Amino acid sequence: MELEVTLRELRRRGEGALMPHVYFGDPSPSFSLRLLRTLAERADLLEVGIPFSDPVADGPTFVEACERALSAGVTPEDCLRGVRRLREEGLRLPVVLTTYYNVIFSRGLREFCGQARRAGVQALLVPDLPVEEAGELLEECRREGLHLILQVAPTTSERRLGRIVERASGFLYVIGVEGVTGAREEVEPSALELLRRVRGITDLPLLAGFGISRPEQVRLLLRAGADGCAVGSAIARIYAESLEEPELALPRIAEFLGALKEATRNVLSPARPRREDGD
């Protein structure tokens, strides 16, 4: 379940990674566990979000997901218990825990990182933490053997991009839109250009996210330089159509994710050669 091992093996096979993202507890912890088990059968990594009252990086679909989970009384501890339970059941996929910085800060950086690692988390992703202010959390993550996943966006300057690449580990999350999360019909040209920019300066795995909802988008992003894709809002939109009985949406979600996973195969050249400095 080590993150780097998983991504390295996928790259060796010429296969892209698929990372579904769900906010834990929406609309209930029991459904989230069933959903994550379903996703794990068709994914390579799992991104589990801790619901937050002001998710500034998220669009309406995920904002509503957070509101439902918080209204149900879901806490960060519930999310960590959920990951731990999946580990106890035998889950082997790497888990990326997404949360906003106030959740970590209010509990203490060292304590939170230790809890995450003991629950079976491999990496943290903090959307509202700029790299310039990430030093302390980077240190605590390294202490616990966690990756702190850093993000780049179309608006990231070349100078700042260099600073992010220098401090990144695990993979870089490439934000494919200028805005918040949410499924979109087309891949924006700025996303493809950003992937080419980042691929030109680092061999670190790149996972593209924000707006992915169709297999054609996955194939396009992988061909542009991504090592994998993250999908989230499109999943939440499916089960949100039947919140009275969200379990009814699981077969449809399984089919949807299976189609995205199929799109990651036979797209990349096996074992993409490492970039040499100066090339």
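Going along each chain's sequence as written, the residues are numbered from 1 onward. For a predicted model such as this one, the threshold for reporting local features is a pLDDT of at least 70, and the threshold for listing and counting side-chain atom pairs is 80 or more; totals across whole chains, interfaces and linings nevertheless cover every residue. Processing note: side-chain calculations cover all non-hydrogen atoms of the structure and skip hydrogens and water entirely.

### Examining the overall build of the protein
Note the following rule: Under the DSSP-based scheme used, a helix requires at least four consecutive residues in state H or I and a strand at least two consecutive residues in state E, with every element numbered from the N terminus. Here the radius of gyration uses the C-alpha set of atoms, whereas the globule reference equals 2.2 Å times the residue count to the power 0.38. Relative accessibility thresholds used throughout: buried, under 20% of the residue-type maximum; exposed, over 50%; partly exposed, between the two (1.4 Å probe, protein chains only). Pairs of residues are marked as contacts when any of their non-hydrogen atoms sit within 4.5 Å. Asp and Glu are treated as the negative residues and Lys and Arg as the positive ones, with His and the ends of the chain left uncounted. Charge placement uses NZ in Lys and CZ in Arg. For Asp and Glu, CG and CD serve respectively.
Helix and strand content of the protein: twelve helices and eight strands. Radius of gyration (C-alpha) of the protein: 17 Å, near the 19 Å computed for a compact globule of 279 residues. Taken across its 279 residues, the protein has 58% of its residues classed as buried. A separation of at least 24 residues holds for 74% of the contacts in the protein among residues at least 6 apart in sequence. Seen as two clouds, the 37 positive and the 43 negative side-chain charges of the protein have centres 4 Å apart.

### Some words on the pairing of strand β1 (residues 17-23)
Formally: The criterion for strand pairing is that DSSP finds at least two bridges linking the strands in question. Throughout, right-handed denotes a crossover for which the path from the first strand over the helix to the second runs clockwise when the strands point away from the viewer.
Extensive coverage of β1 is indicated by the burial of seven of its seven residues. What you see with β1 is no split at all: Ala17, Met19, His21 and Tyr23 on one side and Leu18, Pro20 and Val22 on the other are buried throughout. Direction of pairing for β1 relative to strand β2 (residues 46-49): parallel, over a ladder of three bridges. Paired with Val22 across the strands is Val48, a residue of β2. With helix α2 (residues 29-40) bridging β1 and the parallel β2, this β-α-β connection has right-handed handedness.

### Remarks on the packing of aromatic side chains
As a reminder of what qualifies: Two aromatic rings, drawn from Phe, Tyr or Trp (for Trp, its six-membered ring), form a pair once their centres lie within 6.5 Å of each other, and the interplanar angle then sorts them: stacked below 30 degrees, edge-to-face above 60, tilted otherwise.
Counted under the stated rule, the structure contains five aromatic pairs. Between Tyr173 and Phe210, the ring centres sit 6.0 Å apart and the planes meet at 75°, which makes this aromatic pair edge-to-face. Here Tyr173 is found in strand β6 (residues 172-175), whereas its partner Phe210 is found in the loop between β7 (206-209) and α10 (215-223), with 37 residues between them in sequence. The pair formed by Tyr173 and Phe210 is uniform in burial state, with each residue classed as buried.

### A word on the sheet that holds strand β8 (residues 228-231)
Stated precisely, the cut-off is as follows: In this description, a line fitted to the C-alpha atoms serves as the axis of each element, helices being fitted only across the stretch in contact, and the angle between N-to-C directions of two axes falls anywhere from 0 to 180 degrees.
Pairing in this closed barrel of eight strands is parallel, and the strands run β1-β2-β3-β4-β5-β6-β7-β8 around the ring. Across the sheet, the axes of successive neighbouring strands diverge by a mean angle of 25°, strand direction being ignored. As paired strands, strand β5 (residues 147-152) and β6 are joined by three bridges and run parallel to one another. When the bridges of β6 are listed, Leu150 appears paired with Leu172. Packed onto the sheet, helix α8 (residues 158-167) meets β5 and β6 and runs at close to 165° relative to β5. Each of β1 and β8 touches helix α12 (residues 250-263); the most contacted strand, β1, lies at about 150° to it.

### Let's talk about helix α9 (residues 189-199)
Residue pairs spaced three or four apart in an α-helix point in one direction, given the helix's 3.6 residues per turn. Considered for burial, the residues of α9 that qualify are Ala191, Leu192, Leu194, Leu195, Arg197, Val198 and Arg199. Next to the buried residues of α9 lie α1 (3-13), β5, α8, β6, β7 and α10.

### Quick look at the pairing of β5
Burial analysis of β5 places six of its six residues in the buried class, which makes it a mostly covered element. Residues of β5 alternate between two faces, with His147, Ile149 and Gln151 on one and Leu148, Leu150 and Val152 on the opposite face, all of them buried. Direction of pairing for strand β4 (residues 123-125) relative to β5: parallel, over a ladder of three bridges. Opposite Leu124, over in β5, you have Leu148 as the bridge partner. Between the parallel pair β5 and β6, the chain is carried across by α8, and the sense of this crossover is right-handed.

### Details of the nonpolar core
How we decide: In these notes, a set of buried Ala, Val, Leu, Ile, Met, Phe, Trp, Tyr and Cys residues joined through side-chain atoms within 4.5 Å is what counts as a nonpolar core.
Within the largest apolar cluster, 87 residues are counted, with the highest numbers of intra-cluster contacts made by Leu124, Leu137, Leu148, Leu172, Leu221 and Ile235. Ranked by residues supplied to this core, first place goes to α12 with six residues. Apart from the residues within four sequence positions on either side, Ile235 is in contact with Pro20, Val22, Leu35, Leu39, Ile253, Phe256 and Leu257. If you look at the next biggest cluster of nonpolar residues, it comprises 17 residues, including Leu3, Ala17, Leu45 and Leu125.

### Points about the state of the cysteines
Here is the rule we go by: Disulfide assignment relies on a single distance test, namely cysteine sulfur atoms paired within 2.5 Å.
Evaluation of the coordinates by the stated rule reveals zero disulfides. Counting only cysteine sulfurs, Cys79 is the nearest neighbor of Cys66, a cysteine outside any disulfide, at a range of 9.5 Å.

### What about the packing of α2 against α12?
Applicable threshold: Whether a crossing is left-handed or right-handed is set by the direction in which the near helix is turned from the far one by less than a right angle, anticlockwise for left-handed and clockwise for right-handed. Gly is placed with the polar residues, together with every amino acid not listed as nonpolar (Ala, Val, Leu, Ile, Met, Phe, Trp, Tyr, Cys and Pro) or charged (Asp, Glu, Lys and Arg).
Contact pair α2 / α12: the axes reach a minimum separation of 10 Å and the direction vectors enclose 35°. For the element pair α2 and α12, the recorded crossing hand is right-handed. Taking contact as the criterion, the partners of Phe31, Arg34, Leu35, Thr38 and Leu39 in α2 are, on α12, Leu250, Ile253, Ala254 and Leu257. Grouping the amino acids of the contact of α2 with α12 by side-chain chemistry returns seven nonpolar, one polar and one charged.

### Things to note about α10
Here is the rule: Picture the helix axis, draw a direction to every C-beta atom, and the arc is the one those directions span.
Of the positions making up α10, those classed as buried are Pro215, Gln217, Val218, Leu221 and Leu222. Looking down the long axis of α10, one finds its buried residues gathered within 160° of arc, a one-sided arrangement. In the stretch just after α10, Gly225 is the one whose phi turns positive, near 130°.

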